[in-house]
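Now for the letters of each chain:
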Amino acid sequence: MDKILFIGGGQMTEAIIRPLIAKKIYSANNIFVNDINDSRLHYLQNMYNIKPTKQIKANADIIVLGVRPQDQWAQVIKKLKPENKNTIIISIIAGVTISQIKQSLTVDIPVIRAIPNTLTDTEFGYSGVATNTQDQSVVKKYLVIKFFSSFGKLELLDESLLDIFTGYAVAGPNYIYYFYESIVDAGVLAGLHRDLAKRIAIENLYGAAEMLRLSKKHPRELLDINNSPAGVGINGLYELNNSDFAAALQRSVQTAVKRTIELGQINKLKPPMPTQKPTNG
């Protein structure tokens, strides 16, 4: 069975490990985690029975780089000397490019840069993945597809689109949560008990999403079907059309993408220049 080494045991690493084990796609005995925080390693071991390790030279099929950008990622990568010549690196380090990782590696192995799906427990959501030209075929390998499919779906993107993907897709659940909270409050304001308003809102969210998927109709077509002349629905939509709803949502996505780009610039830590030997003269 494939062996996976996570370097960095933070929240995203845990969010990925949880479905890998819960769905019995990977054995906990084949999942290793390296982290500088001993208490974090102890927690992950107790919670998921994974293998904590202080080594980063494990014979792993996949090495997931999950360290924070400020945690001297270049020095960590320089220490990587995979024993398995077919090892694939998957980096989820924010703002660090494939080129930067390749420059820091002392071995020539494929690198995938990924923006992980955050809905890992649901089997919904996309992870955005990118490679350089020479590593394109790696994304199609079974072990890579199996890894990402364990906690959602994967979408191969040009690396230049990863910032947009982050602000739109990864931050996307935030917009849905906010809409859900607002529609529940609307039901309570109208006179429903909150528990009933929640149950109706969840059912409508699931049902509307499934209707879009199954019917393959444009949302406007479904709106036309669902609204009779001078009816209840069209009167509600009229009020929504008078609000700033659509533009506000679009501005939210644009702001999230802008902030992703800003953080990428802040976190763009270049690998240290090699130390030059003193010259005689």
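See the structure printed just above.
Residues numbered from 1 in each chain as written. Predicted model: local features only at pLDDT ≥ 70, side-chain atom pairs only at ≥ 80, totals over all residues. Heavy atoms only, no water.

(A) Region of the structure containing the pairing of strand β1 (residues 4–7). Burial of the side chains of β1 extends over both faces: I4 and F6 are buried on one face and L5 and I7 on the other. Pairing analysis gives 4 bridges linking β1 to strand β2 (residues 31–34), with the strands arranged parallel. Its bridge partner lying in β2, I7 is registered against N34. One crossover worth recording links β1 to the parallel β2 by way of helix α1 (residues 11–22), and it is right-handed. Inspection of the sheet shows β1 paired to strand β4 (residues 62–65) by 4 bridges, in the parallel sense. By the bridge assignment for β4, L5 is matched with I63. (Buried < 20%, exposed > 50% of the residue type's maximum accessible area, 1.4 Å probe, protein only. Helix = DSSP H or I, 4+ residues; strand = E, 2+ residues; numbered from the N terminus. Pairing = 2+ DSSP bridges. Right-handed = clockwise from strand over helix to strand, strands pointing away.)

(B) Structural context of the packing of aromatic side chains. Here the structure, examined in full by the defined rule, presents 4 aromatic pairs. Ring geometry for F147 versus F151: centroids 5.5 Å apart, planes at 85°, classification edge-to-face. The pair F147 / F151 is uniform in exposure class, with both members buried. Note on F179 and F245: the rings are 6.4 Å apart at their centroids and 55° apart in plane angle, and the pair reads as tilted. Remark: F245 occurs in helix α11 (residues 245–266) and F179 occurs in helix α7 (residues 172–190); sequence separation between them is 66 residues. Since its relative accessible area comes to 41%, F245 is described here as partly exposed. A cation over a ring is seen here: K146 above Y26, with NZ or CZ 4.7 Å from the ring centre. (Phe/Tyr/Trp six-rings, centres within 6.5 Å; stacked < 30°, edge-to-face > 60°. Lys NZ or Arg CZ within 6 Å of the ring centre and 35° of its normal.)

(C) Summary view of the sheet that holds strand β5 (residues 88–91). Pairing in this open sheet of 8 strands is mixed, and the strands run β3-β2-β1-β4-β5-β6-β7-β8 from one edge to the other. Edge positions in the open sheet fall to β3 (51–52) and β8 (153–156), since each of these has one partner strand only. Sheet topology note: the β4/β5 ladder contains 4 bridges and is parallel. Within β5, the residue paired with V64 across the bridge is I90. Relative to the sheet, α1 contacts β1 and β2, its axis offset from that of β1 by approximately 160°. In the packing of helix α6 (residues 162–170) onto the sheet, the strands contacted are β6 (111–115) and β7 (126–130), and the crossing angle to β7 comes to about 175°. (Contact = heavy atoms within 4.5 Å. Axes fitted to C-alpha atoms, helices over the stretch in contact; angles between N-to-C directions.)

(D) Fine view of the pattern of salt bridges. One pass over the full model with this rule turns up 12 salt bridges. With a shortest N-O distance of 3.2 Å, D195 and R199 are connected by a salt bridge. Placement of both D195 and R199 in helix α8 (residues 194–215) is noted, with a separation of 4 residues, approximately one turn of the helix. By relative accessible area, R199 is classed as partly exposed at 49%. For D244, the salt bridge identified is with R251, shortest N-O distance 2.5 Å. (Salt bridge = Lys/Arg side-chain N within 4 Å of Asp/Glu carboxyl O.)

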